[in-house]
Amino acid sequence: MSLLAEDTAAADLGVRWKPGFRVLGPAFLTELRPTPLPDPYWVGHSDAVAGLLGLSADWRQSDSTLAALTGSVPVAGTQPFATVYSGHQFGVWAGQLGDGRAIMLGETEGGLEVQLKGAGRTPYSRGGDGRAVLRSSIREFLCSEAMHGLGIPTTRALCITGSDARVYREEPETAAVVTRVAPSFIRFGHFEHFAANQRDAELRALADYVIDRYYPACRTTDRFGGNAYAAFLEAVSERTAALLAQWQAVGFCHGVMNTDNMSILGLTIDYGPFQFLDGFDPRHICNHSDTSGRYAFNQQPNVAYWNLFCLAQALLPLIVDQEVAVAALESYKAVFPREFEGRMRAKLGLTDSAEGDRALIEGVLKLLAAEKVDYTIFWRRLSQHMADGNAEPVRDLFLDRAGFDAWLLSFSERHAQARSPGQRSEAADLMFKSNPRFVLRNHLGQQAIEAAAQKDFSGVATLLNLLETPFEEHPGADAYAGFPPDWASTIEISCSS
Ligand code: AMP
Ligand code: MG
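All of these numbers come straight from a predicted model, not from anything done at the bench. (Residues numbered from 1 in each chain as written. Chains lettered and ligands numbered in written order. Predicted model: local features only at pLDDT ≥ 70, side-chain atom pairs only at ≥ 80, totals over all residues. Heavy atoms only, no water.)

Draft legend 1. Fine view of the domain arrangement of the protein chain. When its domains are assigned, the protein chain resolves into domain 1 (17–185) and domain 2 (189–346). Computed from C-alpha coordinates alone, the two centres of domain 1 and domain 2 are separated by 23 Å. Counting from both sides, the interface comprises 39 residues of domain 1 and, opposite them, 39 residues of domain 2. Summing the contributions of domain 1 and of domain 2, the shared interface buries around 3200 Å²; its carbon and sulfur component is 63%. (Domains from an automatic or database assignment. Contact = heavy atoms within 4.5 Å. Buried area = accessible area lost by both parts, 1.4 Å probe.)

Draft legend 2. Broad picture of the site of ligand 1. The environment of ligand 1 is formed by 17 residues, the closest being G98, G100, R126, D129 and G130. Between R169 and ligand 1, the recorded distance is 3.4 Å, taken from a side-chain N or O atom to a nitrogen atom. Separating an oxygen atom of ligand 1 from a side-chain N or O atom of D270 is a distance of 3.3 Å. When ligand 1 is considered free in solution it has 480 Å² of accessible area, and contact with the protein chains removes 81% of it. A class-by-class count of the residues in the shell around ligand 1 yields 2 nonpolar, 7 polar and 8 charged. Both domain 1 (17–185) and domain 2 (189–346) contribute no fewer than three residues apiece to the shell around ligand 1. (Near = heavy atom within 4 Å. Polar contact = N/O pair within 3.5 Å; in protein donor to acceptor, adjacent residues only side chain to side chain. Areas by Shrake-Rupley, 256 points an atom, 1.4 Å probe, with all protein chains shown as cover. Nonpolar A, V, L, I, M, F, W, Y, C, P; charged D, E, K, R; others polar.)

Draft legend 3. Molecular detail of helix α15 (residues 442–453). For α15, spanning 12 residues, the distance from its first C-alpha to its last is 16 Å, which sits close to the expected 16 Å at 1.5 Å a residue. Where α15 is concerned, the buried positions are N442, H443, L444, G445, Q446, A448, I449 and A452. The elements touched by buried residues of α15 are α3 (134–149), β13 (275–276) and α16 (458–468). Phi turns positive one or two residues past the end of α15, at K455, with a value near 70 degrees. (Helix = DSSP H or I, 4+ residues; strand = E, 2+ residues; numbered from the N terminus. Expected span 1.5 Å × (residues − 1). Buried < 20%, exposed > 50% of the residue type's maximum accessible area, 1.4 Å probe, protein only.)

Draft legend 4. Quick look at helix α10 (residues 357–371). Between its first and last C-alpha atoms α10 spans 22 Å; for 15 residues at 1.5 Å apiece the expected length is 21 Å, and the two agree. Looking only at α10, the buried set comprises D357, L360, I361, V364, L365, L367 and L368. The buried residues of α10 occupy an angular sector of 155 degrees when projected down its axis, which confines them to one face. Across α10 from its buried face, at more than 90 degrees, point the exposed residues A359, K366 and A370. For α10, the secondary structure elements touched by its buried residues are α9 (331–347), α11 (375–388) and α13 (401–418). (Arc of directions from axis to C-beta.)

Draft legend 5. Inspection of the pattern of salt bridges at higher detail. Enumeration according to the criterion identifies 29 salt bridges in this entry. R135 is paired through a salt bridge with E173; the nearest N and O atoms lie 2.8 Å apart. With R135 in helix α3 and E173 in strand β11 (residues 172–182), this residue pair connects regions lying 38 residues apart in the sequence. The closest approach of N and O atoms between D405 and R395, which form a salt bridge, is 2.7 Å. A residue pair is termed long-range when its members are at least 10 positions apart, and D405 in helix α13 and R395 in helix α12 (residues 392–395) qualify at 10 residues. Among the charged side chains, a network of salt bridges with common partners joins E341, R345, D352, D357, R358 and R414. (Salt bridge = Lys/Arg side-chain N within 4 Å of Asp/Glu carboxyl O.)

Draft legend 6. Structural context of the packing of aromatic side chains. In the structure shown here, the tally under the stated rule is 27 aromatic pairs. With a centroid separation of 6.3 Å and an interplanar angle of 85 degrees, the aromatic rings of F21 and Y209 are classed as edge-to-face. Residue F21 is found in the loop between β1 (17–18) and β2 (29–31), and its partner Y209 is found in helix α5 (residues 200–214); the two are separated by 188 residues along the sequence. Taken as a pair, F21 and Y209 share a single burial class, namely buried. (Phe/Tyr/Trp six-rings, centres within 6.5 Å; stacked < 30°, edge-to-face > 60°.)

Here it is in structure tokens:
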């Protein structure tokens, strides 16, 4: 029975809640209520996520729902809380962090945790105001749903609710709350927290909870002599490797791959200064605060491994044998290249593998990098070339025509080996399904943000619609699929959010 169930002012979302993470007990969390934001309004919402939660079709019609998702009214059946974690930030141990502005409502019967990000201060706010600004909330909302549309594991977002309440960053801005949804928001940093504090009982309880809930196969494994914790580390390594392969293939730069921003389920989590590459630059740094380039695009796969190593160290008291822990991490090194090549082969329209594919992939990436060719447009035009045989639009992207022609010849020969000419349209279909026409480029987000600041939220809805199905053509939406304007390269996105 919830403490808040009798609260007459509570909003009933029509969702049944279960204890979820709260069963772990007070060492893991602090119960608290969100801090209300005044005069809330809807900024954006996802019907798809509403459907996942089982909300009724008219869920946004109620003022009390709007108030509840902005922290002013409790949600019936919930006992909200913030969780504690620690982590390594920019390669340095940062000590205790925790949910400084995300407040968990609870977990639905369907197994989805629901969080209000930007809902006020918590014991883990460390001097922060517990708020999120409209700008970063729009970016997180749209990118969560964009990643899902791309088929990339991610936390989801139900909605953004805004308020004219002032929030101070480099300049005054306004506040917003993103209602985030995921099977679990547990991070590597949750494990690091209890390991660093030598709280082995809590560390074990957390690992057991995560294994039983999300990795039950580890209980019956015969890997590592039946060591469930080692099998768990291996499974997380594999999921993380598969995630990183998808990021690299689509050209997604996360920007703040601290261990507290690494999901134990291998989801993309905590959207801050992320960027989808415009021109292909492997060394691109999307976070203006990352002066050393620790989280540059081409560093991401190595950083993920470094982060997994931190997780391994945290799990060592449970795994016991250091060599076993190292062996469990090894899977990353096998899975990442395999998954990455698989994703890139699909982008090339190839369904089988052949010797020389790696050279074909490296060859095209080298050409793209040499001239910083637009990554998304290149792949889409190459797909079109597969469909209609016209190489000119894709060729036009390169100054080094001879270099590109040589690569295209090897690409065509590879396809000729793989299939008869009649199968060309199958290859084109695969390419259109593997190479999105729409990604959330910085300038597109920026335009939607600027309009939203003037209370025009149509840009958010338009982008959401395109990004939910980014592989579809969406006739009439050329403006969202074109080259970025010159001013796009001047957008500076920092950790400030
Ligand atoms: P991030 O880099 O956004 O993942 O945040 C790192 C840590 O800082 C987490 O513990 C966040 O909860 C906390 N944090 C970030 N912004 C704020 C804020 N405005 N108020 C309180 N805590 C914050
Ligand atoms: Mg974070």
